[in-house]
Amino acid sequence: MTRIRKEIVIQAPVSKVWRHLTDPARIAAWLMPNNFVARAGRAFRLDCGTEGEISCVLQEIVPEERLVYSWTSPRLRIETTVTITLTPMKGRTRVTLVHSGWDALPPRERGIAGPFRKGWGLHLRTLKDQIDRGARD
Amino acid sequence: MADPARRLAKPPDASDLLFKALADPSRRKILRLLAREEMPLRRIEASFRMSRPAVIKHIRVLKACRLVRVRREGRRTIHRLNARPLRAVEDWVSHFDRFWDEGLRRLKRQVEADA
């Protein structure tokens, strides 16, 4: 599992879904308290309460279509990316969320693990397979 | 909204150290060597062009996040792989996997309730 991909269909038009993805008060209600600003390049934070916060930078915003932001925290360390895409479906909306960036491995190393685009997950699985094989040999 | 915060409150142990340890190709090579069999320092060293102190430094990082364990055997120090911490990296991903499942369900309920 090298990236997270989620899909959900919402019984509402994209315009309405978009509001819940870009208005701080509405974002707070389904995600976390935040200081989201709907402008590319702007940093914002998601407040995890006593556990600190998630730092984000809005990288891309295409109204009613796509939202891309970086996502990191002091505990997570690596910078990951969240991409939310809206697809209209006759008055309904398909929301696709991809959380990627888990494969922080350089390409050369990924080659060892398997296909180029596979990352940590596969790399670690490969390592585990090796370990299991090693245990059996 | 308290729920995702609480989920994030329990990230896997020491994963920051682990990511840092795994980010280095030499350290991953050491892990792969040890994945095949346990071995003394001299044999690990033989697989590298770098100096002994450099290899020792890498091993120290791997020991710090418990990926490598050592034991004495006479005058030799035998190194072996401990794969359990690797789970933490996968845990991060599955952690956020669940987190988004719940988040999107909440989003759906919220939008659909917005008349």
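The structure this text deals with has already been given above.
Numbers given for residues are sequential positions, taken from 1 along each chain in its written order. Key to labels: chains lettered from A, ligands numbered from 1, both in the order written. Only residues with pLDDT of 70 or above have their local features reported here, since the model is predicted, and side-chain atom pairs are shown and tallied only from 80 upward, although totals for entire chains, interfaces and linings are computed over all residues.

Enquirer: Sorry, what's going on with the overall build of chain B here?
Expert: Strands here are runs of E lasting at least two residues and helices are runs of H or I lasting at least four, both read from the DSSP assignment and numbered beginning at the N terminus. Secondary structure summary: chain B contains six helices and three strands in total. Each helix (α) and strand (β) of chain B, taken in turn from the N terminus, gives the series α-α-α-β-α-α-β-β-α. Exposure classes come from backbone-placed C-beta atoms, where a residue is buried if 20 or more other C-beta atoms lie within 10 Å of its own, exposed if 12 or fewer do, and partly exposed in between. When burial is assessed residue by residue, chain B has 29% of its 115 residues classed as buried.

Enquirer: Could you clarify how one ought to interpret the overall build of chain A in this entry?
Expert: Scanning chain A for helices and strands turns up four helices and six strands. Start at the N end of chain A and walk to the C end: the helices and strands fall as β-α-α-β-β-β-β-β-α-α. The proportion of buried residues among the 137 residues of chain A is 28%. Here the analysis covers contacts within chain A between residues at least 6 apart in sequence; of these, 26% occur between residues at least 24 apart. Here the contact rule is simple: place C-beta atoms from the backbone, and any two residues whose C-beta atoms are within 7 Å are in contact.

Enquirer: Looking at this structure, how should I read the sheet that holds strand E1 (residues 39-40) of chain B?
Expert: Whenever strands of a sheet pair, they do so through backbone hydrogen bonds, lying parallel or antiparallel. Residues and elements named next belong to chain B. Spatial strand order, E1-E3-E2: three strands in an open sheet with antiparallel pairing. On the outer flanks of this sheet lie E1 and strand E2 (68-73), each paired with one strand and no other. For two strands to pair, DSSP has to find at least two bridges joining them. The sheet contact formed by E2 and strand E3 (residues 76-81) spans six bridges and is antiparallel. When the bridges of E3 are listed, Arg 72 appears paired with Thr 77. Each axis is a line fitted through C-alpha atoms, taken for helices only over the stretch in contact, and angles between the N-to-C directions span 0 to 180 degrees. Helix-sheet contacts for helix H3 (residues 25-36) involve E1, E2 and E3, and the interaxial angle to E3 is about 95°.

Enquirer: Is there a simple way to explain H3 of chain B in this structure?
Expert: In an α-helix, one turn spans 3.6 residues; hence positions three or four apart end up facing the same way. All names here are of chain B. A helix is expected to span 1.5 Å for every residue after the first. The end-to-end C-alpha separation of H3 is 17 Å, in line with the 16 Å expected for twelve residues at 1.5 Å each. Within the sequence span of H3, burial applies to Arg 27, Arg 28, Ile 30, Leu 31, Leu 34 and Ala 35. Down the axis of H3, the buried side of the element spans an arc of 155°, and every buried residue falls inside it. For this quantity, the arc is that covered by the directions from the helix axis to the C-beta atoms.

Enquirer: How should helix H5 (residues 52-64) of chain B be read in this particular structure?
Expert: Residues and elements named next belong to chain B. Under the 1.5 Å per step criterion, the end-to-end length of H5 is 18 Å for 13 residues, consistent within 8% with the ideal 18 Å. Every buried residue belonging to H5 is among His 58, Ile 59 and Leu 62, and all of these are buried. Take H5 and look down its axis: the buried residues cluster within an arc of 100°, on one side only. Of the exposed residues in H5, those oriented more than 90 degrees away from the buried face are Pro 53, Ile 56 and Arg 60.

Enquirer: Whenever I open this one, the sheet that holds strand E1 (residues 4-10) of chain A confuses me. Can you help?
Expert: Residue and element names in this part refer to chain A. An order of E1-E6-E5-E4-E3-E2 is seen for the six strands of this open sheet, with the pairing classed as antiparallel. The open sheet has two edge strands, E1 and strand E2 (43-47), and neither has a second partner. The sheet shows a mean angle of 25° between the axes of neighbouring strands, direction not considered. Both E1 and strand E6 (residues 92-100) contribute to a ladder of seven bridges, which runs antiparallel. In the strand pairing of E6, Glu 7 is matched with Thr 96. The strands touched by helix H1 (residues 14-22) are E1, strand E4 (66-72), strand E5 (80-89) and E6; relative to E5, the strand with the most contacts, the crossing angle is about 160°.

Enquirer: It is not clear to me how the nonpolar core should be interpreted in this structure. Could you clarify?
Expert: Nonpolar side chains tend toward joint burial in soluble globular proteins. Val 17, Leu 21 and Val 95 of chain A are the most contacted members of the largest nonpolar core, which has 28 residues in total. At the level of elements, E1, H1, helix H2 (24-30), strand E3 (53-62), E4 and E5 of chain A together with helix H6 (86-113) of chain B are the ones that each hand at least two residues to this core. Tallying contributions element by element places H6 of chain B first for this core, with six residues. When residues no more than four places from it in sequence are discounted, the contact partners of Val 17 of chain A are Ile 10, Ala 12, Leu 86, Thr 93 and Val 95 of chain A together with Val 111 of chain B. For the purposes of this analysis, a nonpolar core is taken to be any set of buried Ala, Val, Leu, Ile, Met, Phe, Trp, Tyr and Cys residues that are connected through C-beta atoms within 7 Å. Membership of the second largest hydrophobic core comes to 14 residues, among which are Ile 30, Leu 31, Leu 34 and Val 68 of chain B.

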